[in-house]
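# Summary of the model geometry
Each chain, letter by letter, is given below.
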Amino acid sequence: MEKISLVLVALLLCTAVPRPSLAKGVSFASLRRTLIVSASPKQGQVLRAGEDTITVTWALNQSLPAGTDAAYKKIKVRLCYAPASQKDRGWRKTKDDLSKDKTCSFAITAQPYAGGDRSNFTYLVSKELPSGTFFVRAYAVDAADAELAFGQTTNAGKTENLFNIEGISGHHASLDVAAACFSAFSILALVAFYVQEKRGAKKK
Ligand SMILES: *[C@@H]1O[C@H](CO)[C@@H](O)[C@H](O)[C@H]1NC(C)=O
Ligand SMILES: *[C@@H]1O[C@H](CO)[C@@H](O)[C@H](O)[C@H]1NC(C)=O
């Protein structure tokens with residue numbers, strides 16, 4: 001009995017703590033730009049969340065020496081905030097340590113590395129996304145999920161080739177938050193009920 005409640009509590013904790021999606025301690029500045037990445041939106045285009053799609057294409061830069069990609073295992077494609085959408089928002093800040101970086105907060109896809117071939121993926125712009133200005137970045141990761149290299153649709157200064165996403169209005173977002181809180185509450189209630197039940201059983 002005791003064990004089951006411990007498991008329940010552990011489960012609760014695990015689901016509540018967001019796991020970092022990128023490797024710890026890898027410095028962005030240490031990564032080489034070896035991938036050539038392009039995305040379908042045109043500079044300044046406005047995409048509607050939940051309706052429009054983005055097709056991302058990536059490949060290794062063929063003018064690099066053979067073996068450059070020897071350790072690449074996966075390509076992680078992410079949607080990233082352009083500087084205009086980070087301004088005055090500390091929680092979206094760019095940090096050199098990739099485990100702390102909030103620039104590329106949204107996963108588009110992760111795919112096995114396809115050697116030198118061009119790969120692509122079409123992504124339906126998620127309804128969860130906030131309105132803002134974005135670009136796309138791809139990371140090449142090794143077998144231990146640590147980033148080795150990257151490529152992105154914009155220049156190093158993140159001024160070119162940016163596109164916009166028009167999110168679903170705040171009304172829907174607050175409904176989602178309410179739903180999330182409600183489900184967290186119901187799990188807590190379940191645990192409380194269980195504990196009480198157990199106490200009752202002990203008294204008897
Ligand atoms: C590909 O790599 C070469 C050699 O490092 C570099 O000069 C060139 O700019 C790269 N091309 C792209 C599109 O990144
Ligand atoms: C995406 O990849 C598929 C399969 O390799 C290919 O047939 C298709 O032409 C590609 N599309 C783009 C837009 O590159």
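Residues numbered from 1 in each chain as written. Chains lettered and ligands numbered in written order. Predicted model: local features only at pLDDT ≥ 70, side-chain atom pairs only at ≥ 80, totals over all residues.

The protein chain goes by High-affinity nitrate transporter in an unreviewed UniProt entry, where it is assigned to Spirodela intermedia. Looking at the protein chain in UniProt, the text filed under Sequence similarities (unreviewed entry) is "Belongs to the NAR2 family." (UniProt positions renumbered as here; feature names shortened; annotations may be inferred.)

Turning to the site of ligand 1, a few remarks are in order. As a structural note, the neighbourhood of ligand 1 is formed by Ile36, Asn61, Ser63 and Leu64. In terms of residue class, the shell around ligand 1 is made up of two nonpolar, two polar and no charged. (Near = placed C-beta within 6 Å. Nonpolar A, V, L, I, M, F, W, Y, C, P; charged D, E, K, R; others polar.)

Here aspartate 145, not a glycine, exhibits a phi torsion of approximately 70 degrees, which is positive. By secondary structure assignment, the location of aspartate 145 is in the loop between β8 (132–141) and β9 (147–152). Of note, lysine 158 is a non-glycine position whose phi angle comes to about 55 degrees, a positive value. Within the fold, lysine 158 resides in the loop between β9 and β10 (163–166). Assessed through the 21 C-beta atoms surrounding it within 10 Å, lysine 158 is described here as buried. (Helix = DSSP H or I, 4+ residues; strand = E, 2+ residues; numbered from the N terminus. Buried ≥ 20, exposed ≤ 12 C-beta atoms within 10 Å, placed from the backbone.)

The strands making up a sheet associate through hydrogen bonds between their backbones, and the pairing can be parallel or antiparallel. Read from one edge to the other, the open sheet built from three strands follows the order β2-β4-β7, with strand pairing classed as antiparallel. Across the chains shown, the open sheet's two edge strands, defined by having one partner strand only, are β2 (35–39) and β7 (119–124). On average, each strand axis in the sheet is inclined to that of its neighbour by 20 degrees, with strand direction left out of account. (Pairing = 2+ DSSP bridges. Axes fitted to C-alpha atoms, helices over the stretch in contact; angles between N-to-C directions.)

Turning next to the environment of threonine 68. On the secondary structure map, threonine 68 appears in the loop between β4 (53–60) and β5 (74–81). A sequence separation of 81 residues divides threonine 68 from alanine 149, and the C-alpha atoms of the two residues are 9.8 Å apart. The contacts of threonine 68, once residues within four sequence positions are left out, are Thr34 and Leu60. (Contact = placed C-beta atoms within 7 Å.)

Structurally, alanine 114 can be placed in the loop between β6 (106–112) and β7. Separated by 56 residues in the primary sequence, alanine 114 and tryptophan 58 place their C-alpha atoms 9.9 Å from one another.

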